[in-house]
Amino acid sequence: MRIVPFGAAREVTGSCHLLLAEGRQVLLDCGMFQGREEGKNQEPFGFQPSRLAAVVLSHAHLDHVGRLPKLFREGYRGPVYATRATALLMRIVLEDALKVMEEPFFDEEDLETLFRHLKPLEYGEWLRLGDLTLSLGQAGHLPGSAFVVVHGEGKTLVYSGDLGNRQKQVLPDPSLPPKADLVLSEGTYGDRPHRPFPETVAEFLGILGHTLAQGGKAFIPTFAVERAQEILYVLYQHGHRLPRAPIYLDSPMAERVLELYPHLVRYFSEEVQLYFLQGKNPFRPPGLQVVESAEVSRALTREEGPMVVLAGSGMLTGGRILHHLKHGLADPKNALIFVGYQPRGGLGAEIIARPERVRLLGQEVPLRASVHTLGGFSGHAGQDELLAWLEGQPRVVLVHGEEEKLQGLGALLASRGQEASLATFGEGVEV
Ligand SMILES: [Zn+2]
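Computed from a predicted structure; not experimentally measured.

Colleague: So what's going on with the overall build of the chain? Which residues, and what values?
Modeller: Looking only at helices and strands, the chain has 13 helices and 22 strands in total. In terms of principal-axis extent, the alpha carbons of the chain reach across some 65 × 50 × 45 Å. Taking all 431 residues of the chain together, the buried fraction comes to 59%. Taking as baseline every contact in the chain between residues at least 6 positions apart, the subset at least 24 positions apart corresponds to 74%. Total accessible area computed for the chain in this model is approximately 17300 Å², and 49% of it derives from carbon and sulfur atoms. Of the side chains in the chain, 43 bear a positive and 52 a negative charge, and the two mean positions are spaced by 2 Å.

Right, dumping it as structure tokens:
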């Protein structure tokens, strides 16, 4: 059995790994390259799509599913296996991606072809392809997210997908994988553990309380899948401790996900399931107002606080958050709260460095609002959680992380007597 990484090798995006076993080729994820690596989406895959027997997905994030339509564009017509939650979330994610892409490398027809080839595979079910078997385990990263266990040629391979942050409450904790001959593991936060989650929530509520009490606006740039809803969940649980203020969800995509959530109840933590069983939707806090149209969104920038504004994009690469910041950053009563990762070189990182002025939508704006970064909302396992998940695994190949972080994690694994190496694009590893 061999596994060949064709993405997320010493980087965080483009997850796509080719498995060769029992005379078959199976693809694990088929993600999009994002940010500076975007150009690579136009390049050939490195394998022949028409020769694949199946595709198995770990979760619905764009960097794990974004090149699937290209796979169909280039001749693949086989099944794509995923949990029902992954399949449903993926539709929203891919339709949005097509809408905002500057240089599309697929079209609506490719999307429809892909959707027709989706096949459900739930946690613990066995997918049999001749003598090759695959199954999914709980990864706790998104509703329906999974790691993949493969048995073939007398060997066992585990592919982690993305592992969730077990401190958070919305999703189940990741399950432990079986002992394997090789684990292909993510290492996004291989360099450090996360701070305790209750501290993150306390700091978040402190900033909100202070901002709203002054009549200010709290701007929270959010990813539309999972992070926006998680912030709403925290507001549902703790909002009664804050000054009364409207909460605007100014992201049509996040609203689509929010509408889907009651249909995915069984994919959440027991705590969340209990709310739904009691007839409550814990992702819709009191005071929530969904902003549909762009005109209402623009009008909101002229309104007085206090208010909470959740808007995309999470990394400030576009979207409605930009006009809120353009009109709001000059006011010292306001606060900008980052609850998601900001890549080096991006606008978020620039603002976090606190320059005197920021260029937004072609205009220079003085930065007088307070700026806060809360890393504890991360959707990924921290270093300590990764080490615990990988404990006792003799061989680990690391993917999905910046090179220094993967090297740090690799050194720690080696110090525990585990063999660890970094994946290289296109270079197969024998299991
Ligand atoms: Zn992910």
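Colleague: Before we move on, can you summarise the sheet that holds strand E5 (residues 80-82) with the specific residues and values?
Modeller: The 7 strands are arranged E6-E5-E4-E3-E2-E1-E22 in an open sheet whose pairing can be described as mixed. Of all strands in the sheet, those with a lone pairing partner are strand E6 (118-120) and strand E22 (429-430), marking the two edges. In terms of strand pairing, strand E1 (residues 2-5) meets E22 through 2 bridges, oriented antiparallel. Residue pairing for E22: Arg 2 is matched across the bridge by Glu 430.

Colleague: Talk me through the coordination of the zinc ion; I want residue IDs and the actual numbers.
Modeller: Distances from the zinc ion to its protein donors, namely His 59 (NE2), His 61 (ND1), His 141 (NE2) and Asp 162 (OD), fall within the range 2.2 to 2.3 Å. Seen from the zinc ion, its 4 donor atoms lie at angles of 88 to 170°, and the figure they make is irregular. If you list the donors of the zinc ion from N- to C-terminus, the spacing comes out as H-x1-H-x79-H-x20-D. Here His 61 is found in the loop between strand E4 (54-56) and helix H1 (62-65), whereas its partner His 141 is found in the loop between strand E8 (132-138) and strand E9 (146-152), with 80 residues between them in sequence.

Colleague: Can you tell me about the packing of aromatic side chains, naming the residues and giving the values?
Modeller: This model, assessed by the stated rule, comprises 16 aromatic pairs. Within the aromatic cluster, the residues linked to one another by ring pairs are Tyr 233, Tyr 236, Tyr 261, Phe 268, Tyr 275, Phe 276 and Phe 283.

Colleague: Please give an account of the sheet that holds strand E11 (residues 182-186) that cites residues and values.
Modeller: The 7 strands are arranged E7-E8-E9-E10-E11-E20-E21 in an open sheet whose pairing can be described as mixed. Two strands in the sheet have a free side with no partner beyond their single neighbour: strand E7 (127-129) and strand E21 (419-422). Adjacent strand axes in the sheet meet at a mean angle of 20°, parallel and antiparallel pairs treated alike. Pairing between E8 and E9: 6 bridges, direction antiparallel. Bridge pairing in E9 places Gln 138 opposite Ala 146. Helix H13 (residues 403-415) contacts E11, strand E20 (395-399) and E21 of the sheet and is inclined by roughly 165° relative to E20.

Colleague: Which residues make up the pairing of strand E13 (residues 247-250), and what values do they have?
Modeller: With burial as the criterion, each face of E13 is covered, one bearing Ile 247 and Leu 249 and the other bearing Tyr 248 and Asp 250. Of the strand pairs in this sheet, E13 and strand E14 (residues 288-290) are connected by 3 bridges, and their pairing is parallel. Across the sheet, residue Tyr 248 finds its bridge partner in E14, namely Gln 289. Here 4 bridges tie E13 to strand E15 (residues 307-311), and the two strands are oriented parallel to one another. Bridging from a neighbouring strand, Tyr 248 pairs with Val 309 of E15.

Colleague: Talk me through the pattern of salt bridges; I want residue IDs and the actual numbers.
Modeller: Within the structure shown, the criterion is met by 27 salt bridges. A salt bridge links Asp 173 to Arg 166, with the shortest nitrogen-to-oxygen separation between them at 3.5 Å. Given the relative accessible area of 37%, Arg 166 is considered partly exposed. Asp 191 is the partner of Arg 192 in a salt bridge, and the nearest nitrogen-oxygen pair spans 3.7 Å. The exposure class of Arg 192 is partly exposed, given its relative accessible area of 39%. Here the residues in one salt-bridge network are Lys 168, Glu 226, Arg 227 and Glu 230, joined through shared partners.

Colleague: I'd like a rundown of the state of the cysteines, residues and numbers included.
Modeller: For the structure shown, the criterion picks out 0 disulfides. Unpaired in this structure, Cys 16 has its nearest cysteine sulfur neighbour in Cys 30, at a distance of 4.4 Å. Take Cys 16: its relative accessible area is 0%, and that puts it in the buried class.

Colleague: Lay out helix H7 (residues 252-260) in plain terms, naming residues and giving numbers.
Modeller: Residues separated by three or four positions in an α-helix point in the same direction, a consequence of the helix having 3.6 residues per turn. Within the span of H7, buried status applies to Met 253, Ala 254, Glu 255, Val 257, Leu 258 and Leu 260. Considering only its buried residues, H7 is in contact with helix H3 (84-100), helix H6 (227-238), E13 and E14.

Conventions and cut-offs
- Residues numbered from 1 in each chain as written.
- Predicted model: local features only at pLDDT ≥ 70, side-chain atom pairs only at ≥ 80, totals over all residues.
- Heavy atoms only, no water.
- Helix = DSSP H or I, 4+ residues; strand = E, 2+ residues; numbered from the N terminus.
- Buried < 20%, exposed > 50% of the residue type's maximum accessible area, 1.4 Å probe, protein only.
- Contact = heavy atoms within 4.5 Å.
- Areas by Shrake-Rupley, 256 points an atom, 1.4 Å probe, with all protein chains shown as cover.
- Lys, Arg positive; Asp, Glu negative; His and termini not counted.
- Charge placed at Lys NZ, Arg CZ, Asp CG, Glu CD.
- Pairing = 2+ DSSP bridges.
- Donors = N, O, S within 2.8 Å, 3.2 Å for Na, K, Ca; no water.
- Tetrahedral: all angles 85-135°; square planar, octahedral: opposite > 155°, others 65-115°.
- Phe/Tyr/Trp six-rings, centres within 6.5 Å; stacked < 30°, edge-to-face > 60°.
- Axes fitted to C-alpha atoms, helices over the stretch in contact; angles between N-to-C directions.
- Salt bridge = Lys/Arg side-chain N within 4 Å of Asp/Glu carboxyl O.
- Disulfide = S-S within 2.5 Å.

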